[in-house]
Amino acid sequence: MYQYNESVKRRNLLTGLLTTVGTWAREAETTLRGRLLQGDLLNTPTGPVKLTGDEPTLGVIRDPRVIGLEMELVGEARGTDALEIGAIHKKALYAIKSGRRLFVTYWCDICSIRTYTPGQCWCCQEQTKLDLRERYD
Ligand SMILES: [Zn+2]
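Parameters and conventions
- Residues numbered from 1 in each chain as written.
- Predicted model: local features only at pLDDT ≥ 70, side-chain atom pairs only at ≥ 80, totals over all residues.
- Pairing = 2+ DSSP bridges.
- Helix = DSSP H or I, 4+ residues; strand = E, 2+ residues; numbered from the N terminus.
- Buried ≥ 20, exposed ≤ 12 C-beta atoms within 10 Å, placed from the backbone.
- Contact = placed C-beta atoms within 7 Å.

## Some details on the pairing of strand 4 (residues 70-77)
Line of reasoning, step 1. The pairing of strand 1 (residues 29-37) with strand 4 spans seven bridges and is antiparallel. Across the sheet, residue Arg35 finds its bridge partner in strand 4, namely Glu70.
Line of reasoning, step 2. Bridge analysis of strand 4 against strand 6 (residues 93-97) gives three bridges, and the strand direction is antiparallel. Each residue of the ladder has a partner; that of Leu73, found in strand 6, is Leu93.
Line of reasoning, step 3. In this structure, strand 4 lies alongside strand 5 (residues 82-85), joined through three bridges in antiparallel fashion. By the bridge assignment, Gly75 is partnered in strand 5 with Ile85.

## So, the environment of Gly119
Line of reasoning, step 1. By secondary structure assignment, the location of Gly119 is in the loop between strand 8 (113-115) and strand 9 (129-133).
Line of reasoning, step 2. Classification of Gly119 by C-beta neighbours within 10 Å gives partly exposed; the count is 13.
Line of reasoning, step 3. Taking the C-alpha atoms as reference points, Gly119 and Gly59, separated by 60 residues in sequence, lie 8.4 Å from one another.
Line of reasoning, step 4. Leaving out residues up to four positions away in the same chain, Gly119 has contacts with Gly59 and Thr128.

## Observations regarding the environment of Thr128
Line of reasoning, step 1. Structurally, Thr128 can be placed in the loop between strand 8 and strand 9.
Line of reasoning, step 2. Separated by 23 residues in the primary sequence, Thr128 and Thr105 place their C-alpha atoms 9.4 Å from one another.
Line of reasoning, step 3. Look past the residues within four positions of Thr128 in its chain and what remains in contact with it is Tyr106, Trp107, Cys108, Thr115, Pro118, Gly119 and Cys121.

## A word on the pairing of strand 2 (residues 41-44)
Line of reasoning, step 1. In this structure, strand 1 lies alongside strand 2, joined through three bridges in antiparallel fashion. Within the sheet, the bridge partner assigned to Arg35 lies in strand 2 and is Asn43.
Line of reasoning, step 2. Two successive antiparallel strands, strand 1 and strand 2, enclose a turn made up of three residues, where Gly39 displays a positive phi of approximately 90°.
Line of reasoning, step 3. Pairing between strand 2 and strand 3 (residues 47-52): four bridges, direction antiparallel.

Structure follows, in structure tokens:
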């Protein structure tokens, strides 16, 4: 009985900590707009911001078809001039076209398969096409 209570107490403490971290993460969320530049940079009205992110996200921001587009990026500020873009599953990357916010996706015509980072289709190995669209799936 004593051990059971201890483990419950410990679990409650851990849950409390995780909740706190979650709150911080939400408060730290930042949305930036600007033109994507070569070299993992976003040219915002207040100056260039250095971008980081996970591998699929870096694949998108290094795609020559995406560089030069007006983008909206959601992530966490890293100091005053850097942004860590949210993980690819958080849908943190948008292209702005004619005032519309579009998801950055990639499409294989042959297999009708959608992916979210550039590269070969995992099915037929053909290069996927950039497909900016209002729906994510
Ligand atoms: Zn394919």
